[in-house]
Amino acid sequence: MRNATPFLAVVLTSVCLASAAFAEKPTYKWTDEKGVVHYGDSVPAEYSQREQSILNKQGVVTQKQQAEMSPAEAADFAAQQKQEAMRRQHDMFLVSTYPSVKEIENVRDTRVEQINGQVSATETYIASLNSRLEGLKQRAMLFTPYNPKPGARRMPDDLAEEMVRVLSEQRTQHTALEKRRSELQTVMEQFDGDIRRFKELRTSAAARLNNSGAPKKQ
């Protein structure tokens with residue numbers, strides 16, 4: 001009998017541990033292809049790749065496993081996460097940089113003035129190129145092939161080269177002008193978006209402050 005007591009204690013301990021392990025067995029929650037929610041002590045193999053949750057005895061979710069994604073879905077998810085991170089970073093920049101909408105408008109106006117100055121300078125330069133090219137064309141009329149008169153001399157190489165250079169510079173400056181005009185439009189749209197977002201953030205912050213019960217400023 002003395003030897004039976006330790007043995008019986010070991011058996012009882014094992015039974016208690018097994019019972020406790022069984023009692024603590026988690027409950028799984030998953031959704032089938034028809035959208036029906038299921039619960040069980042294990043997830044069927046055909047649903048193992050779907051999103052699933054583990055619940056404790058109180059029915060509270062303690063763990064959650066996301067559904068496995070295809071390479072395309074994973075790439076799209078990563079892009080969304082990156083975009084969301086950039087949005088949060090920009091929100092932080094707005095609220096930490098600008099004390100008011102007026103300050104954003106001031107920065108916008110300064111940037112717009114700079115670009116408008118570049119546009120005006122480019123337009124002035126293009127006008128000078130047009131004038132220069134017109135003078136070169138007048139000179140070219142004295143030479144073949146623009147002068148149809150018999151005995152007209154061949155156009156000098158330096159004149160032809162200068163016309164080519166001016167025409168090339170004209171094209172370059174027109175491209176630059178369009179680029180600056182496009183930049184101006186982009187800047188206006190970006191600042192308009194920043195102003196809208198800043199107002200949203202300030203409104204949300206004010207709402208949270210009011211909901212917290214903090215005293216309002218008079």
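Keep in mind that this is a model prediction, so the values were computed, not measured.

A.B. asks: Before we move on, can you summarise the overall build of the chain with the specific residues and values?
C.D. replies: Helix and strand content of the chain: four helices and four strands. Its helices and strands in sequence order give the chain the pattern α-β-β-β-β-α-α-α, from N to C terminus. Counting every position in the chain, which comprises 218 residues, the buried fraction comes to 18%. In the chain, once contacts between residues fewer than 6 apart in sequence are set aside, the share between residues at least 24 apart is 49%.

A.B. asks: Provide a residue-level description of the sheet that holds strand S3 (residues 52-55), including the pertinent values.
C.D. replies: Ordered by their spatial adjacency, four strands build an open sheet running S2-S1-S3-S4, and the pairing between neighbours is antiparallel. Each edge of the open sheet is held by one strand with a lone partner, namely strand S2 (37-40) and strand S4 (61-65). Direction aside, neighbouring strands of the sheet carry axes that sit 20° apart on average. Of the strand pairs in this sheet, strand S1 (residues 27-31) and S3 are connected by four bridges, and their pairing is antiparallel. Paired with Trp30 across the bridge in S3 is Gln52.

A.B. asks: Describe the pattern of salt bridges, and please don't skip the residues or the numbers.
C.D. replies: A complete count under the given rule lists twelve salt bridges for this structure. Between Glu200 and Arg197 there is a salt bridge, with the nearest N and O atoms lying 3.0 Å from each other. Of the two residues, Glu200 and Arg197 are both situated in helix H4 (residues 157-211); the distance of three residues between them amounts to about one turn of the helix. What makes Glu200 partly exposed here is its relative accessible area of 42%. Among the charged side chains, a network of salt bridges with common partners joins Glu84, Arg87, Arg88, Asp91, Arg197 and Glu200.

A.B. asks: For the side chain of Gln170, give the residues involved together with the corresponding values.
C.D. replies: Tracing the sequence through the fold places Gln170 in helix H4. Of note is the side chain of Gln170, whose polar atom sits 2.3 Å from the side chain of Asn130. Discounting chain neighbours no more than four positions away, the residues touching Gln170 are Leu129, Asn130 and Leu133.

A.B. asks: Before we move on, could you go through the packing of helix H2 (residues 71-97) against H4 and cite the residues and values that matter?
C.D. replies: In a packed pair of helices, the relevant descriptors are the angle between the two axes and the axis-to-axis distance. Packing of H2 against H4 leaves a shortest axis separation of 10 Å and a crossing angle of 80°. Judged by the angle between their axes, H2 and H4 are roughly perpendicular. Here Arg87, His90, Asp91, Leu94 and Val95 of H2 come into contact with H4, specifically with Asp194, Arg197, Phe198 and Leu201. Class assignment of the residues belonging to the contact of H2 with H4 gives a composition of four nonpolar, one polar and four charged.

A.B. asks: Explain the nonpolar core to me, using residue names and the numbers behind them.
C.D. replies: Residues Leu94, Tyr98, Ile104, Ile115, Val187, Phe191 and Phe198 are the most contacted members of the largest nonpolar core, which totals 14 residues. Of all the secondary-structure elements, those providing two or more residues to this core are helix H3 (101-140) and H4. No other element matches the seven residues that H4 contributes to this core. With residues near it in sequence (within four places) discarded, Ile104 still touches Tyr98, Phe191, Asp194, Ile195 and Phe198. Of all hydrophobic cores here, the second largest spans nine residues; its members include Leu129, Leu136, Phe143 and Met163.

Criteria and thresholds
Residues numbered from 1 in each chain as written. Predicted model: local features only at pLDDT ≥ 70, side-chain atom pairs only at ≥ 80, totals over all residues. Heavy atoms only, no water. Helix = DSSP H or I, 4+ residues; strand = E, 2+ residues; numbered from the N terminus. Buried < 20%, exposed > 50% of the residue type's maximum accessible area, 1.4 Å probe, protein only. Contact = heavy atoms within 4.5 Å. Pairing = 2+ DSSP bridges. Axes fitted to C-alpha atoms, helices over the stretch in contact; angles between N-to-C directions. Salt bridge = Lys/Arg side-chain N within 4 Å of Asp/Glu carboxyl O. Polar contact = N/O pair within 3.5 Å; in protein donor to acceptor, adjacent residues only side chain to side chain. Parallel < 35°, antiparallel > 145°, perpendicular 65-115°, else oblique. Nonpolar A, V, L, I, M, F, W, Y, C, P; charged D, E, K, R; others polar. Core = buried A, V, L, I, M, F, W, Y, C linked by side-chain atoms within 4.5 Å.

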